[in-house]
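# Per-entry structural report
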Amino acid sequence: MSTWIEAGLWGLLAGGALVIGAAVAWLVRVPRVVSSTVMAFGAGVLISALAFDLVDEAATTGGVPATVAGFLVGALAYVGGNIVLARRGARHRKRSGDLQPREDDQQGSGTAIALGALLDGVPESVVLGLSLLGGHGVGVPVLAAVFVSNLPEGLSSTVGMKRAGRSATFVFGVWTSIALAAGVAGALGVLLLGDASDPTVAAITAVAAGAILAMVTDTMIPEAFEETRLWTGLIATVGFIVAFGISRSA
């Protein structure tokens with residue numbers, strides 16, 4: 001199998017967790033404390049993958065200066081895009097409560113939420129694809145981190161969309177589109193960077209990592225804290241150490 005096809009399939013699998021989470025939330029009443037707990041756990045898993053796999057690997061192969069620069073660029077790009085979309089109604093796209101606006105309240109908020117979900121998902125898929133370029137197969141810790149974090153994202157955000165009166169067609173259309181986009185992003189990461197130098201791949205990895213960390217702190221942790229409160233740090237720590245264990249045993 002071609003590497004770019006494999007990358008696309010792994011991206012599709014990771015993005016598919018969003019659809020699974022959405023289906024659970026649409027069909028079953030999931031207590032908010034459950035979705036918030038999984039969200040906190042997923043945040044810890046992602047942070048661990050960033051620290052021990054993405055950033056460390058980027059610094060080893062591309063050097064610390066390029067990694068630092070890429071990391072900051074990724075964070076700035078994400079925050080900039082997030083600010084624009086937040087002003088158009090996507091600020092609470094991961095929230096399961098009544099904070100998401102209805103289309104009647106803010107025109108275009110549905111589109112902004114969909115674009116926000118895309119903004120959240122693309123960097124994760126890119127790093128999945130890049131993990132294959134070393135010839136050692138997909139990065140298991142990164143794949144686990146993305147999959148585990150996507151489940152509560154799809155679940156929590158879908159609860160909020162449902163409360164805001166959005167249809168099943170809209171909800172599943174958004175998550176299916178994001179899952180497909182995740183597959184495309186993973187494949188493109190390999191196709192466009194397959195012959196790139198190690199420093200270039202490291203810089204792109206750092207950019208994606210910076211965007212992911214900004215996403216975790218801007219959207220995942222606030223939603224988790226809504227219900228888990230003072231337990232959020234402990235739950236995230238458990239997610240972090242579990243991912244660390246996977247990273248060292250992989």
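Notes on the structure in this doc start here. (Residues numbered from 1 in each chain as written. Predicted model: local features only at pLDDT ≥ 70, side-chain atom pairs only at ≥ 80, totals over all residues. Heavy atoms only, no water.)

## Some remarks on the overall build of the protein chain
Per the secondary structure count, the protein chain includes eight helices and zero strands. Counting helices and strands in the order they occur from the N terminus, the protein chain gives α-α-α-α-α-α-α-α. Reported as C-alpha extents along the three principal axes, the dimensions of the protein chain are approximately 50 × 35 × 35 Å. Each of the 250 residues in the protein chain was classed as buried or not, and the buried ones make up 46%. Contacts spanning at least 24 positions in sequence make up 84% of the contacts within the protein chain whose residues lie at least 6 apart. Summed over its atoms, the accessible surface of the protein chain is roughly 11000 Å², and 68% of this surface lies on carbon and sulfur atoms. (Helix = DSSP H or I, 4+ residues; strand = E, 2+ residues; numbered from the N terminus. Buried < 20%, exposed > 50% of the residue type's maximum accessible area, 1.4 Å probe, protein only. Contact = heavy atoms within 4.5 Å. Areas by Shrake-Rupley, 256 points an atom, 1.4 Å probe, with all protein chains shown as cover.)

## Quick look at the nonpolar core
L46, L54, I212, M215, V216 and M220 are the most contacted members of the largest nonpolar core, which totals 31 residues. When residues of this core are traced back to their parent elements, those giving at least two are helix 1 (3-27), helix 2 (32-62), helix 4 (109-130), helix 5 (140-163), helix 7 (198-228) and helix 8 (232-249). At nine residues, helix 7 tops the list of elements feeding residues into this core. I212 has contacts with L46, L50, L54, P123, E124 and V127, leaving out every residue within four places of it along the chain. If you look at the next biggest cluster of nonpolar residues, it comprises 12 residues, including L18, A117, M161 and I178. (Core = buried A, V, L, I, M, F, W, Y, C linked by side-chain atoms within 4.5 Å.)

## Thoughts on the packing of aromatic side chains
Within this structure, the stated rule accounts for three aromatic pairs. On the numbers, 6.0 Å between centres and 70° between planes, the contact of W26 with F172 is edge-to-face. Linking W26 in helix 1 with F172 in helix 6 (residues 168-193), this pair joins segments that are 146 residues apart in sequence. Accessibility expressed as a relative area gives 24% for F172, which makes it partly exposed. (Phe/Tyr/Trp six-rings, centres within 6.5 Å; stacked < 30°, edge-to-face > 60°.)

## Focus: the side chain of E124
If you trace the backbone, E124 turns up in helix 4. Ignoring sequence-local partners within four residues, the contact set of E124 consists of L46, V146, S149, N150, I212 and M215.

## With respect to the environment of V171
Examined against the element boundaries, V171 turns out to sit in helix 6. Between the C-alpha atoms of V171 and A17, which are 154 residues apart in sequence, the distance is 14 Å. Those residues in contact with V171 that lie beyond four places of it in its chain are W26, T158, M161 and R166.

## Regarding the packing of helix 4 against helix 5
Across the interface, helix 4 lies against helix 5 with an axial gap of 10 Å and an inter-helix angle of 170°. With respect to helix 5, the element helix 4 is oriented roughly antiparallel. Contact with helix 4, carried on its side by I113, D120, E124, V127 and L128, involves V142, L143, V146, S149, N150, E153 and M161 of helix 5 and no other residues of that element. Of the residues in the contact of helix 4 with helix 5, the class split is seven nonpolar, two polar and three charged. (Axes fitted to C-alpha atoms, helices over the stretch in contact; angles between N-to-C directions. Parallel < 35°, antiparallel > 145°, perpendicular 65-115°, else oblique. Nonpolar A, V, L, I, M, F, W, Y, C, P; charged D, E, K, R; others polar.)

## Quick look at the side chain of S157
One can find S157 in helix 5. For S157, a relative accessible area of 1% corresponds to the buried category. A polar atom in the side chain of S157 sits 2.3 Å from the backbone oxygen of R93. Residues within four places of S157 in sequence aside, it is in contact with R93, K94, R95, Q100, P152 and W175. (Polar contact = N/O pair within 3.5 Å; in protein donor to acceptor, adjacent residues only side chain to side chain.)

## Side note on the pattern of salt bridges
Counted by the stated rule, this structure contains two salt bridges. D120 is paired through a salt bridge with R93; the nearest N and O atoms lie 2.9 Å apart. Separated by 27 residues along the polypeptide, D120 in helix 4 and R93 in the loop between helix 3 (64-90) and helix 4 bring together distant segments of the chain. Like R93, D120 is buried. (Salt bridge = Lys/Arg side-chain N within 4 Å of Asp/Glu carboxyl O.)

## A look at helix 2
With 31 residues, helix 2 extends 42 Å between its outermost C-alpha atoms, agreeing within 8% with the 45 Å of an ideal straight helix rising 1.5 Å per residue. The sharpest bend along helix 2 comes to roughly 40°, located at L50. Looking one or two places after helix 2, you find G63, whose phi comes out positive at around 95°. (Expected span 1.5 Å × (residues − 1). Bend = angle between axes of the 7 residues up to and from the residue.)

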